[in-house]
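Close look at the chain arrangement
So the chains spell out like this:
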Amino acid sequence: NPPPGIDQNGPITSYNISYTGELFDTDIQFAVVNITNPSYPAVTEVSSDLTGLQEYNNYTISVSAYRGANSQGVSAFTSEVVEITDEAVPADSPTLIFQSLSTTEISTIILPPTAIDQNGPIISYEVRIYTSLFDIPI
């Protein structure tokens with residue numbers, strides 16, 4: 001929420017949102033939220049969606065207020081807040097390694113997708129085994 005009108009020192013015309021991802025975004029990104037027709041001090045809430053973010057990633061976010069041209073400029077940034085984006089379906093399949101142990105046994109090793117492709121914790125794997133003779137699930 002914007003600061004109370006008494007602390008704004010004039011109409012706020014936009015907010016600068018600074019954000020960076022913990023895992024895969026190394027550069028700090030900025031988004032600007034412009035307020036059209038600022039009504040000093042009546043604006044009590046401003047919202048904005050940050051888009052194009054990575055799935056299941058911590059983002060550090062802070063905001064500063066800006067008063068347009070011919071004013072005092074940009075405020076200090078707020079304290080940082082960390083938010084995490086939602087999980088998603090893994091972007092890649094696991095890698096399977098098979099080794100024959102005997103005429104009736106096969107060892108299966110499951111290697112998970114890379115961290116960037118997991119999109120959240122993987123809690124289980126589904127392994128389907130078919131006979132090659134008739135393609136009938138076992």
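Look up a bit, the structure's there.
Okay, so let's go over this structure. Only a predicted model underlies this, so the values are computations on that prediction, with no experimental measurement involved.

**A word on the overall build of the protein chain**
Summing up its helical and strand segments, the protein chain has 1 helix and 7 strands in all. Of the regular secondary structure in the protein chain, the N- to C-terminal order runs β-β-β-β-β-β-β-α. Across the 138 residues that make up the protein chain, the buried fraction comes to 19%. Summarising the internal contacts of the protein chain: among those between residues at least 6 apart in sequence, 51% fall at separations of at least 24. Summed over its atoms, the accessible surface of the protein chain is roughly 10,300 Å², and 52% of this surface lies on carbon and sulfur atoms.

**Some words on the environment of tyrosine 125**
Relative to the assigned elements, tyrosine 125 resides in the segment after α1 (115-118). Overall, the relative accessible area of 36% leaves tyrosine 125 in the partly exposed class. For the pair tyrosine 125 and proline 94, spaced 31 residues apart in sequence, the C-alpha separation works out to 8.8 Å. Apart from the residues within four sequence positions on either side, tyrosine 125 is in contact with Pro94, Ile110, Pro112 and Pro113.

**A short note on the pairing of strand β6 (residues 95-100)**
Of the pairings in the sheet, the one linking β6 to strand β7 (residues 106-111) comprises 6 bridges and is antiparallel in character. The residue bridging leucine 96 from the neighbouring strand is isoleucine 110, located in β7. Between β6 and the antiparallel strand that follows it, β7, lie 5 residues.

**Focus: a nonpolar patch on the surface**
A surface patch of nonpolar side chains, about 330 Å² in accessible area, is lined by Ile28, Phe30 and Phe77. Its location among the elements puts phenylalanine 30 in strand β2 (residues 29-34). Judged by its relative accessible area of 56%, phenylalanine 30 is exposed.

**What about the nonpolar core?**
Among the nonpolar cores identified, the biggest contains 8 residues, and these are Ile12, Tyr15, Ile17, Tyr19, Ala31, Val33, Tyr59 and Ala65. Secondary-structure elements contributing two or more residues to this core are β1 (14-21), β2 and β3 (58-67). Element by element, the count of residues in this core is highest for β1, at 3 residues.

So, how was this worked out
- Residues numbered from 1 in each chain as written.
- Predicted model: local features only at pLDDT ≥ 70, side-chain atom pairs only at ≥ 80, totals over all residues.
- Heavy atoms only, no water.
- Helix = DSSP H or I, 4+ residues; strand = E, 2+ residues; numbered from the N terminus.
- Buried < 20%, exposed > 50% of the residue type's maximum accessible area, 1.4 Å probe, protein only.
- Contact = heavy atoms within 4.5 Å.
- Areas by Shrake-Rupley, 256 points an atom, 1.4 Å probe, with all protein chains shown as cover.
- Pairing = 2+ DSSP bridges.
- Patch = residues over 30% accessible without salt bridge, like charges linked within 9 Å, V, L, I, M, F, W, Y side chains within 5 Å.
- Salt bridge = Lys/Arg side-chain N within 4 Å of Asp/Glu carboxyl O.
- Core = buried A, V, L, I, M, F, W, Y, C linked by side-chain atoms within 4.5 Å.

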